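What follows is the residue order along each chain.
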Amino acid sequence: MQRKLYFIVALFLFSPICWGWSSYKAKIGGQVAFPYQSSNPTVELKTTRNINQQLSEECYLFAFAGALEVANKNAWNRPQGPEVSAEYLFVRKLLVWSKDVLVNHEATINESFYFLEGGDVHHAMKLSLEEGLLPQEMFKPKIPFANWDFTKLYSDLKTIVVDGRRVIGSSRDEATKAQLIDLFLSKIQKRIEAEAGFQSKVFNWSGRNWTTQQFENSFGIKRNSHVFMLYARGQWDMGDPWDLRRALKDMIHLFQGAFNFRQSSWTQVWQYLISSVDNGLPAMLSMKWAGSYHVLNVVGYEYNNRNEIVSFKLKNSWGEDYGDKGHAFFGLQDIQNQTTSIWGFRAP
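Anyway, here's the lowdown on the structure attached to this text. Predicted, not measured: the structure shown is a model, and the values here were computed from it.

Thresholds, definitions, all that
- Residue numbering note: each chain is counted from 1, following its sequence as written.
- Since the coordinates come from a predicted model, pLDDT governs what is reported: local features require at least 70, and pairs of side-chain atoms require 80 or more to be given and counted, while whole-chain, interface and lining totals use all residues.
- Values shown for side chains rest on all heavy atoms present in the structure; no hydrogens or waters enter the calculation.
- Here a helix means four or more residues in a row that DSSP labels H or I, a strand means two or more in a row labelled E, and each is numbered from the N terminus.
- Between two residues, a contact is recorded if the distance between any of their heavy atoms is within 4.5 Å.
- Buried residues are those whose accessible area, probed at 1.4 Å on protein chains only, stays under 20% of the maximum for their type, while exposed residues exceed 50% and partly exposed ones sit between those limits.
- Think of it this way: DSSP has to see at least two bridges between two strands before they count as a pair.
- Each aromatic pair joins two rings of Phe, Tyr and Trp (for Trp, the six-membered one) with centres within 6.5 Å, and gets the label stacked for planes under 30 degrees apart, edge-to-face for over 60, and tilted for any other angle.
- All tallies of charge rest on Lys and Arg as positive and Asp and Glu as negative; His and the ends of each chain are not included.
- When a carboxyl oxygen of Asp or Glu is within 4 Å of a side-chain nitrogen of Lys or Arg, the pair counts as a salt bridge.
- Here a polar contact is taken to be a pair of N or O atoms separated by no more than 3.5 Å, where protein atoms must pair a possible hydrogen donor with a possible acceptor and residues adjacent in sequence count only if both atoms sit in side chains.

**Some words on the environment of Val310**
Then comes step 1: Within the element layout of this structure, Val310 appears in strand β9 (residues 309–315).
Then comes step 2: Taking the C-alpha atoms as reference points, Val310 and Phe329, separated by 19 residues in sequence, lie 9.4 Å from one another.
Then comes step 3: The residues contacting Val310, other than those within four sequence positions of it, are Asn40, Glu302, Tyr303, Asn304, Gly331 and Leu332.

Structure below.
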């Protein structure tokens, strides 16, 4: 694939270039990234801290928070911007999910459980807009996040929700139903607080009191800078009960005209990923991964002496023990075979 001259010029203007390097390369779905040496030039964004979802299933929340941090530092003129707490979003997600399942019986229990332990990028965008963001330094759980018992947490929440739906569904009095919903939400809150502690939506940061919504407005998503692209074959996450039309409807409503989407060829996808990195903006890839799904951030790319893209550098959410301090290069064929959707921030 021939790249235009202005892309080459942009490399020098916007990003550092490494000539001859040693890093890590991986196969999608693999637990390990292997050392990789190449003489090809690369373009790589300055990334932030290594994000680690631990044993939670919320890769999309951590990838999203990581993407916001990288974009803030590289493209949005906020090099000193704070780190964003994906762990806080995780806590809010559990509360929002539990309430939705208790009061909305359109989805089956099994479909609802799918969203307790997982989701996709549009869920993270929606959650951050509705619930707000929190600086990482302000998330101070009762138990360190690395020590949470996620298996028991998910299991306990499922039990409370199943009991709640059964009890609430058996009542025909609306006032009683409301009381029962509050009762079970209180049980859910206490269960989450056993590990997370109480997380206020008002906090003091940098000498000022903020609500999470105010913080999101100042340091979160750029409302006028989003693009959504389906991958080339136009398929959505296979086996995902989340309906694509519902996802698009939600995003269009939330961003009020600032959200767009399209089906693209793989050549267009590669060009989009290149231009995104060239403008300091990470993209997010939702992928089939070891029998499930995983979301990673695109933070760089490698090309050869014929200006052909060879691979993309992806930032994982498994901490610095994965690959090169949390990063690895993935080949184009591997990405093309496994990618289900591509999300990114359009340069402002």
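**Topic: the pairing of β9**
Then comes step 1: For β9, a buried count of six out of seven residues is recorded, marking the element as mostly surrounded by other parts of the structure.
Then comes step 2: The loop that links strand β8 (residues 292–303) with its antiparallel partner β9 comprises five residues; one of these, Asn307, has a positive phi angle of about 60°.
Then comes step 3: Of the pairings in the sheet, the one linking β9 to strand β10 (residues 327–331) comprises five bridges and is antiparallel in character. Residue Leu314 lies in a different strand from β10, and its bridge partner there is Ala328.

**Focus: the packing of aromatic side chains**
Then comes step 1: For the coordinates displayed, the defined rule picks out 23 aromatic pairs.
Then comes step 2: When the centroid spacing of 5.9 Å and the interplanar angle of 50° are considered together, the rings of Phe90 and Phe150 count as tilted. Here Phe90, found in helix α3 (residues 86–103), pairs with Phe150, found in helix α6 (residues 150–169); they are 60 residues apart in sequence, far enough to count as distant.
Then comes step 3: Given a relative accessible area of 0%, Phe90 falls into the buried group.
Then comes step 4: Between Phe203 and Phe215, the ring centres sit 5.9 Å apart and the planes meet at 75°, which makes this aromatic pair edge-to-face. Here Phe203 is found in strand β3 (residues 202–205), whereas its partner Phe215 is found in helix α8 (residues 212–219), with 12 residues between them in sequence. Each member of the pair, Phe203 as well as Phe215, carries the same accessibility label: buried.

**With respect to the side chain of Glu87**
Then comes step 1: Its location among the elements puts Glu87 in helix α3.
Then comes step 2: With no salt bridge to any partner, buried Glu87 finds its closest opposite charge in Arg49, at an N-O distance of 5.0 Å.
Then comes step 3: Only 3.3 Å separates the side chain of Glu87 from the side chain of Gln136, close enough to count as a polar contact.

**Things to note about the pairing of strand β4 (residues 208–211)**
Successive side chains on a regular strand alternate, one facing one side of the sheet and the next facing the other.
Then comes step 1: Here four bridges tie β3 to β4, and the two strands are oriented antiparallel to one another. Residue pairing across strands places Val202 opposite Thr211, the latter belonging to β4.
Then comes step 2: Taking the residues that link successive antiparallel strands as the turn, the β3-β4 hairpin has two residues, and the phi of Ser206 there is positive, at about 55°.

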